Amino acid sequence: MEEFAQDELKKLITLFTEEAIEKLSECEEGLLKLEKEPHNKEYINRIFRAVHTIKGTSASLGYKDISDFAHRIEEVLDLLRKDRIRCDKSIIDTFLTSTDFIKKTIQKLSKGSYDLHGSEGIIEELENIKKSSAKRLFKIIFSPDPDMLSRGIDPSMIIEDLKSRGRIINIKAYTDAVPVLSELNPEKLYLRWDVIFETEEDINSLKSYFGGLDEEEIKIIPAAQSEPEVPLIGEVLIESGTISEKDLSDALENQKKIGDILIEKGKLSKEAIEKAVHEQTERRVDSFKQTLTSTVRVDLRKLDRLLNLVGEMVIIHSMLERVINEGNGKTTIDYSSFSIQVLFNQLQRIGRQIQESTMSLRMLPVGEVFHRFMRLVRELSQAQNKKVELIISGEDTELDKGVLEKITDPLVHLIRNAIDHGIETPEERLSKGKPEKGVINLSAYQIGDSIYIEVDDDGRGIDKQKIIEKASSMGLVKSPEELTEEQIYNFIFLPGFSTAEKITDLSGRGVGMDVVKKNVESLNGRIYIRAKKDTGTTITIKLPLTLAIIDGLTVAVKDEVYIIPLQAVLELININRTDLNTLNENTEILHVRGEDIPVIRLGEILGIPDEEKDRGIGIITYHEGKKFAIIVQRVIGQQQIVVKNFGGALPRIKGIGGCTILGDGRVALVLDMAGLIENQMAGSAVIT
């Protein structure tokens, strides 16, 4: 038996050494490429994954000292990946020395013994690199309570005092919640601030600074900054005093592009060059859409927890079977101390925990997608002759893999639009008193059971008047003065709608934002726009944490049962005829606590006549800044459901988010509340 164990151990060591040598070769190849392209995140991620594999495998085989050494390399690589240190030749040299040392150690291991003698100097070099990483970047979302002023706290002093702990890189105030003057209370606070902050302190120290505030008032998210650009030769010559800025400007004006040279020489036509530039841009963008693979890297601890739960379930199942057999007289063992109800409750508990564990396996950090956009922004901004910096925050926020895969394409569209339509040229920005380099903030954060992804730029914003003029010319607007800001911005999502004065390789054809909205809504998400002319634009995407399992409210109209996502429900109200007012033939209003809410009868939308119009249950929901009351005949209860889509058998139906199987075996439709409301507002009352 002992000889068999020894043979198995030798096989494992052989497999480990073969895999480790292969991974170390990948590291060496990646490091040599990284030396030529020090800002290429893909090379860093590839090296990181290889070192991480060696660390994990060596730890599982009990070689803790090899694992610890690999972990030290991984820590420095992580700093490089998060732009906390800058890649240079000395760092590449240290990495190569480190991987060579691991390779020699593993080669010794394959011969029967090994040691880490001589690693002290390398460890010291790695520690020195870590110490050079001092500055940290954070995004601070400051949403003070409206009664903060009455508590004697001045939010402006909080922001001012923050400067003593670091540097405020960017700050933006949002005034969305400020009411009209007649409703404004001078003792209330209606503002919210987003601050990009650089400091030497860690996140716990920052949290202690805001210790007097509630968690709802302050959210601190670690951020990453796009790679610093190497100065161009012209900038170096100006800094050294060799030439003046005018000399450089004159030289650049006379500089010809490769396309112009080829046209002059008669090698290509102007149309061929434009086509090639467009193709180049599309290939550049498409390469960034292939973000995720079909596999998921899973934390071993999550698998261990799931395995333990399955083990518990098997034991409880066995006990339940014996109790049932005892009741049928099939066993002489006394299990009277157990009751079926107790065992069933335990099975329910384990079932919920297995569900939670299984869902956690699908959750991935959004940083896996976000960091790929750094290269995209760098290349697209160069193509537009603009200077743009991307700041990422909330990269550790986790999202269901299915959602994450499908959100990449909408984000590509939004970032392309921000570069093309939002960020101005350096000359235009300087004329407006702005820094010549524009900033795009890409952030993610979780509130409740929803994930918010924001693409925010400090560019030219959106000209509402241009949108109104374009919408009027298309016959979409009759009374522009009655439009709300949200309604004006929603025109941008219409197919073919564009205010661009010219079509570029990146945008201007009016085929981007409608695709974004459709993709986001296919994920049961919502998209919102906030903008101010010459200040910037913020586009917020609200997404569910997962597409697979949701909390739902089961309702009925006659004999038909439907599911309404619980996140869309504000409150339930018993309705009598006296609560309802009829404005015209097609419009009913529900009067609730002094507020008039438009009524939508679910039966009428779904083509089911409602015979009991004098009473029902009102489900209050919220859509595009307004409340609506969805009336159903009865509410059955609340439960978790597994959402299934219709696949390719049926087209996507606006107002229907999918289906589920109920406990009695019936199939119930899962309603998309926003889609139902939009159908009703558009006059499409019946879903067929």
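Reading guide: rules and limits
- Residues numbered from 1 in each chain as written.
- Predicted model: local features only at pLDDT ≥ 70, side-chain atom pairs only at ≥ 80, totals over all residues.
- Heavy atoms only, no water.
- Helix = DSSP H or I, 4+ residues; strand = E, 2+ residues; numbered from the N terminus.
- Salt bridge = Lys/Arg side-chain N within 4 Å of Asp/Glu carboxyl O.
- Buried < 20%, exposed > 50% of the residue type's maximum accessible area, 1.4 Å probe, protein only.
- Arc of directions from axis to C-beta.
- Polar contact = N/O pair within 3.5 Å; in protein donor to acceptor, adjacent residues only side chain to side chain.
- Axes fitted to C-alpha atoms, helices over the stretch in contact; angles between N-to-C directions.
- Parallel < 35°, antiparallel > 145°, perpendicular 65-115°, else oblique.
- Left-handed = near helix turned anticlockwise from the far one by under 90°.
- Contact = heavy atoms within 4.5 Å.
- Nonpolar A, V, L, I, M, F, W, Y, C, P; charged D, E, K, R; others polar.
- Pairing = 2+ DSSP bridges.

As for unusual backbone geometry
One non-glycine residue, asparagine 385, adopts positive backbone phi at about 55°. Among the secondary structure elements, asparagine 385 is positioned in the loop between α15 (372–383) and β6 (388–393). A positive phi angle, near 65°, is found at aspartate 534, a position not held by glycine. One can find aspartate 534 in the loop between β10 (526–532) and β11 (536–544).

As for the pattern of salt bridges
Scanning the entire structure with this criterion turns up 35 salt bridges. Between lysine 130 and glutamate 127 there is a salt bridge; the shortest N-O distance is 3.3 Å. On the criterion of helical spacing, the pair formed by lysine 130 and glutamate 127 is a turn pair, its members being 3 residues apart in helix α5 (residues 120–131). Classification of lysine 130 by relative accessible area gives partly exposed; the value is 24%.

A short note on helix α18 (residues 464–473)
Structural remark: α-helix, 3.6 residues per turn; residues separated by three or four positions point the same way. Among all positions of α18, only Ile467, Ile468 and Ala471 are buried. Across the axial projection of α18, the buried residues extend over an arc of 100°, all falling on one side. For α18, the N-terminal capping position is held by aspartate 463, with its side-chain oxygen 3.0 Å away from the main-chain nitrogen of glutamine 465. Directly beyond the C-terminal end of α18, a positive phi value near 75° is found at glycine 475.

Examining the packing of helix α3 (residues 64–81) against α5
Where α3 contacts α5, the axes come no closer than 10 Å and their chain directions differ by 25°. The pairing of α3 with α5 is recorded here as roughly parallel in orientation. Pair α3 / α5 crosses with left-handed handedness. Side by side, α3 and α5 meet where Phe69, Arg72, Ile73, Glu75, Val76 and Leu79 of the first sit next to Ile122, Ile123, Leu126, Glu127, Ile129 and Lys130 of the second. Considered class by class, the residues forming the contact of α3 with α5 number 8 nonpolar, no polar and 4 charged.

Quick notes on the pairing of strand β18 (residues 615–623)
Taking burial as the measure, the 9 residues of β18 include 7 buried ones, the bulk of the element. Summarising the sheet, strand β14 (residues 571–576) and β18 pair through 6 bridges and their orientation is antiparallel. Each bridged residue has a counterpart across the sheet, and for isoleucine 573 the counterpart in β18 is glycine 618. Where β18 and strand β19 (residues 626–632) come together, 7 bridges link them in antiparallel fashion. Paired with threonine 621 across the bridge in β19 is phenylalanine 628.

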